[in-house]
Amino acid sequence: MGVNASVLAIDAGNSKTDVALIGGDGTVLSTARGGGFQPPAVGIETAVDALGAAVEQALERSSGPVGPVTHVSACLANADLPVEEEQLAAALRARGWGATVEVRNDTFAILRAGVDEPRGVAVVCGAGINCVGMVPDGRTARFPAIGRISGDWGGGAGLAEEAMWFAARAEDGRGEPTELVRTLPGHFGLGSMYALIEALHLGRVEFERRHELAPVLFVTAAAGDAVAGALVDRLAEEVVAMASVALGRLGLLDEPAPVVLGGSVLAARHPQLDTRIAELLAARAPKAVIRVVTQPPVLGAALLGLDHTGAAAPVHERLRAQYG
């Protein structure tokens, strides 16, 4: 007799994928982890093949043969536009993993992991920055979040590039002085911004490692550097701008509503950033309640799946309890 599996939850980011098989009573039947999900780089089918490896591992780890899964709830990186969600949902349906399939951007998983019901707004700042919101009647708020062409600013990579811009200009005299001219190259054991620019340009330091400079920026700001501090304040302004706009679109500005903060930059709890976000949000959305999510996003994908199946509140509670 097969195991009763209600939801196959998938949270797939750029660097890793988490899969959880959830029973009809909210019990986690099995889990698995796989590699990153990057359809823009490898194509949809190859990317879904990588998901499939993790899914098959989760199915094999279940305590018994798994019967038909009721619903697949997949929160995927690089599903930034509705048309991309539709394309990815079609690719997942073709694999036959469940009777129904819903694909959302992975930011929705972080939001749902951080709220008790599908209601609120989340801002995620990791390598990039994104914001989504939802309410129980199914309405959502979101941004394209595909970089500067969609009006985005911030994220670890963006902060690092901005810090290097100011540091380069400070060193050669075009800009105002900043300690970033020493702290940024010093992170890589280099003595000047010129040396760092050369190392990045020639590939002696991999360009992808520039995100390592975001924590350096925060340390420099905390030490009192005005240029670094201004960049931290600008990130706070961006976070609050996204959150308040999303709250407004959903009609949540005039009532208590959670604003969930997630991603490596926001989860690091930098004091200056936290304080400035709280100040600005109090001015623009005074009834908003800030939460920093600590639960894994795959929990959010699973809860969204239980929302879809109409599971009762105790089922949601049992699932959440297993993730601490």
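Here is a short report on the structure shown in this document. Computed from a predicted structure; not experimentally measured.

### A closer look at the overall build of the protein
Each helix and strand in the protein was counted, giving 13 helices and 10 strands. For the protein, whose C-alpha radius of gyration is 21 Å, the value lies close to the compact-globule estimate of 20 Å for 324 residues. For the protein, the C-alpha atoms occupy an extent of roughly 75 × 50 × 35 Å along the three principal directions. Within the protein, residue pairs in contact and separated by at least 24 positions form 68% of the contacts whose partners lie at least 6 positions apart. As displayed, the protein offers around 14,300 Å² of accessible surface, 54% of which is attributable to carbon and sulfur atoms.

### Remarks on the sheet that holds strand E10 (residues 288-292)
Here we have five strands laid out as an open sheet, ordered E8-E7-E6-E9-E10, and mixed in their pairing. Looking at strand neighbours, the two that pair on one side only are strand E8 (140-142) and E10, the edges of this open sheet. Pairs of neighbouring strands in the sheet enclose a mean axial angle of 20 degrees, with direction left out of account. The pairing of strand E6 (residues 120-125) with strand E9 (residues 257-262) spans four bridges and is parallel.

### Points about the side chain of Ser-244
Inspection of the secondary structure assignment puts Ser-244 in helix H9 (residues 226-249). Taking relative accessible area as the criterion, Ser-244 reaches 6% and is therefore assigned buried. At 3.2 Å, the side chain of Ser-244 forms a polar contact with the backbone oxygen of Ala-241. Those residues in contact with Ser-244, other than ones at most four positions away along the chain, are Leu-253 and Arg-284.

### Details of the packing of aromatic side chains
In total, this model carries one aromatic pair according to the counting rule given. Judged by centre distance (4.9 Å) and plane angle (80 degrees), the ring pair of Trp-165 and Phe-166 falls under edge-to-face. Residue Phe-166 is classed as partly exposed on the basis of its relative accessible area of 25%. The positively charged end of Arg-104 is found above the aromatic ring belonging to Phe-108, 5.2 Å away from the centroid.

### Side note on the packing of H9 against helix H11 (residues 271-284)
Running from N to C, H9 and H11 cross one another at 40 degrees; their axes reach a closest spacing of 9 Å. The orientation of H9 relative to H11 falls into the category oblique. In the packing of H9 onto H11, the handedness of the crossing is right-handed. Of the residues in H11, those touching H9 at Gly-229, Val-232, Asp-233, Leu-235, Ala-236, Glu-237, Val-239, Val-240, Ala-241, Ala-243 and Ser-244 are Gln-272, Leu-273, Arg-276, Ile-277, Leu-280, Leu-281 and Arg-284. Class assignment of the residues belonging to the contact of H9 with H11 gives a composition of 11 nonpolar, three polar and four charged.

### With respect to H11
When the terminal C-alpha atoms of H11 are compared, their 20 Å separation across 14 residues agrees well with the 20 Å that a helix rising 1.5 Å per residue should span. For H11, the complete set of buried residues consists of Leu-273, Asp-274, Ile-277, Leu-280 and Leu-281. All buried residues of H11 fall inside an arc of 140 degrees around its axis, so they share one side. In this structure, H11 carries Pro-271 and Ala-283 as exposed residues pointing more than 90 degrees from its buried face.

Rules behind the numbers
- Residues numbered from 1 in each chain as written.
- Predicted model: local features only at pLDDT ≥ 70, side-chain atom pairs only at ≥ 80, totals over all residues.
- Heavy atoms only, no water.
- Helix = DSSP H or I, 4+ residues; strand = E, 2+ residues; numbered from the N terminus.
- Rg over C-alpha atoms; globule rule 2.2 N^0.38 Å.
- Contact = heavy atoms within 4.5 Å.
- Areas by Shrake-Rupley, 256 points an atom, 1.4 Å probe, with all protein chains shown as cover.
- Pairing = 2+ DSSP bridges.
- Axes fitted to C-alpha atoms, helices over the stretch in contact; angles between N-to-C directions.
- Buried < 20%, exposed > 50% of the residue type's maximum accessible area, 1.4 Å probe, protein only.
- Polar contact = N/O pair within 3.5 Å; in protein donor to acceptor, adjacent residues only side chain to side chain.
- Phe/Tyr/Trp six-rings, centres within 6.5 Å; stacked < 30°, edge-to-face > 60°.
- Lys NZ or Arg CZ within 6 Å of the ring centre and 35° of its normal.
- Parallel < 35°, antiparallel > 145°, perpendicular 65-115°, else oblique.
- Left-handed = near helix turned anticlockwise from the far one by under 90°.
- Nonpolar A, V, L, I, M, F, W, Y, C, P; charged D, E, K, R; others polar.
- Expected span 1.5 Å × (residues − 1).
- Arc of directions from axis to C-beta.

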